[in-house]
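Here's the letter readout for the chains.
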Amino acid sequence: MEVQRSEGGPRTIRKHLEVYVGNIPTAITEIEILQLFAGFEAQNVRKFVAGIKCFAFVDVGSERNVQLAVSQLNSTLYQGRKLRVNTADPDFSDKRSSADKDTPKTQATPTGAGNLVRKEKAAQASDSSAASLAPNPRKPSKDQSAPLSGVTVREDRRRFVYAVPTEMRGCTLVHVLRDCFGELVWLQSITELCGEVGLLLTETHPQTPFFWAIHLSEGAHADMLRLFTALAEAEEESRQPFLTKSDVYRGKRCLAELIQTEGEEGAWNRAWVQDVVGMFAVVFFVDFGTTATIPVMSLRALEDEAFWKIPPLAQPFMLEQDILSPRKLIRAVIKGNVTGSCVSEPHIRRLALSPQQD
């Protein structure tokens with residue numbers, strides 16, 4: 001089977017600075033691949049198609065970016081496909097003609113719950129504040145402090161790097177914002193948050209530093225009141241019709257029922273369709289940072305622009321030193337100091353917890 005190279009002019013190939021990405025859609029463009037690796041300073045892409053298989057090599061400019069891209073993107077989902085991201089094989093030749101050789105040699109990468117990837121040298125990276133200490137749950141450590149307010153503080157010096165959840169990444173949020181709000185202003189505005197804050201948790205990723213929260217401010221309170229009042233009135237008056245299967249597709253903005261805790265009554269909220277599988281849709285609730293799989297026929301139309309004038313309520317955060325407890329936490333209020341941004345995803349703000357919550 002012939003391996004076809006995407007068109008393009010001559011490029012300088014620096015294989016030691018390239019990342020291999022496999023199991024990508026054959027229809028993906030080089031621009032979309034660059035967007036996927038935008039957080040790692042991607043510069044050039046070499047895309048190859050071998051029958052129904054597609055893979056690419058992405059120049060990310062530095063060996064550090066190579067390691068970050070591998071640790072944060074390997075085994076994550078992209079358009080329903082699990083990506084294979086590894087360091088590029090220096091012996092790879094563009095002239096290979098056998099399809100069964102389209103995957104370069106890889107080095108074994110330890111995996112674990114929550115897309116946890118262990119890296120011994122992570123403490124040397126500038127984003128080491130994102131690293132957190134994960135104990136063996138079967139062997140309690142004497143150095144492990146008791147969890148307070150759902151946050152676990154680690155005392156030993158072993159470091160781990162956690163993959164940024166897919167729905168938190170800039171490449172995903174760009175699609176959400178364009179499809180739902182028609183602009184990207186919000187993505188830039190949330191990077192300006194700093195100093196002492198109070199946050200209302202809306203979604204957490206257990207045993208990782210990552211979570212979604214609403215910044216408790218007067219503006220946010222006004223937005224919540226205005227949005228939830230409008231949604232409740234629309235639901236009561238049944239103004240929003242249910243969608244048919246042909247109306248539901250990736251990128252569709254809609255109204256979906258969110259159930260945050262087992263046994264509670266659901267509430268209708270703004271949502272974005274991330275994927276459609278048979279009679280089910282994977283939706284992202286833009287005001288909570290939550291994803292859910294919902295029957296297609298239970299989604300309702302929400303095309304009135306008035307509902308989309310209010311920007312997303314919740315934004316992504318990461319704990320600077322700690323990780324979250326194994327159980328999910330929602331509706332809890334935490335306080336701390338926003339000290340900066342995640343290096344690979346600048347829109348994700350880093351939070352140092354207040355002393356009483358450490």
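Residues numbered from 1 in each chain as written. Predicted model: local features only at pLDDT ≥ 70, side-chain atom pairs only at ≥ 80, totals over all residues. Heavy atoms only, no water.

Please explain the environment of Phe 211 as it appears in this structure.
Note that Phe 211 resides in strand 12 (residues 210-215). For the pair formed by Phe 211 and Phe 317, sequence separation is 106 residues and the distance between their alpha carbons is 5.4 Å. (Helix = DSSP H or I, 4+ residues; strand = E, 2+ residues; numbered from the N terminus.)

It is not clear to me how helix 5 (residues 218-236) should be interpreted in this structure. Could you clarify?
An α-helix turns once per 3.6 residues; consequently, residues spaced three or four apart project the same way. With 19 residues, helix 5 ought to run about 27 Å at 1.5 Å a step, and its terminal C-alpha atoms sit 27 Å apart, in line with that. Burial in helix 5 covers these residues: Ala 220, Asp 223, Met 224, Leu 227, Leu 231 and Ala 234. Along the axis of helix 5, the buried positions cluster into a sector of 110°, meaning they face one direction only. In helix 5, the exposed positions angled more than 90 degrees off the buried face are occupied by Glu 218, His 221, Leu 225, Arg 226 and Glu 236. Where the residues of helix 5 are buried, they touch strand 12, strand 13 (253-258), strand 14 (267-277) and strand 17 (300-301). (Expected span 1.5 Å × (residues − 1). Buried < 20%, exposed > 50% of the residue type's maximum accessible area, 1.4 Å probe, protein only. Arc of directions from axis to C-beta. Contact = heavy atoms within 4.5 Å.)

Help me out: how do you make sense of the packing of aromatic side chains in this one?
Given two aromatic rings, one states the distance between the centres and the angle between the planes to describe the pair. Evaluation of the coordinates by the stated rule reveals 11 aromatic pairs. Here Phe 181 and Trp 308 contribute two aromatic rings whose centre-to-centre distance is 5.5 Å and whose plane-to-plane angle is 75°, an arrangement assigned as edge-to-face. Taken together, the residues span a long stretch of sequence, with Phe 181 in the loop between helix 3 (170-180) and helix 4 (185-189) and Trp 308 in the loop between strand 17 and strand 18 (315-319) at a distance of 127 residues. With relative accessibility at 3%, the residue Trp 308 sits in the buried group. Clustering of aromatic rings is evident, with ring pairs tying together Tyr 20, Phe 48, Phe 55 and Phe 57. Against the face of Phe 242 rests Arg 300, its NZ or CZ located 5.1 Å from the ring centre. Sitting over the face of the ring of Trp 268, Arg 300 holds its NZ or CZ atom 4.7 Å from the ring centroid. (Phe/Tyr/Trp six-rings, centres within 6.5 Å; stacked < 30°, edge-to-face > 60°. Lys NZ or Arg CZ within 6 Å of the ring centre and 35° of its normal.)

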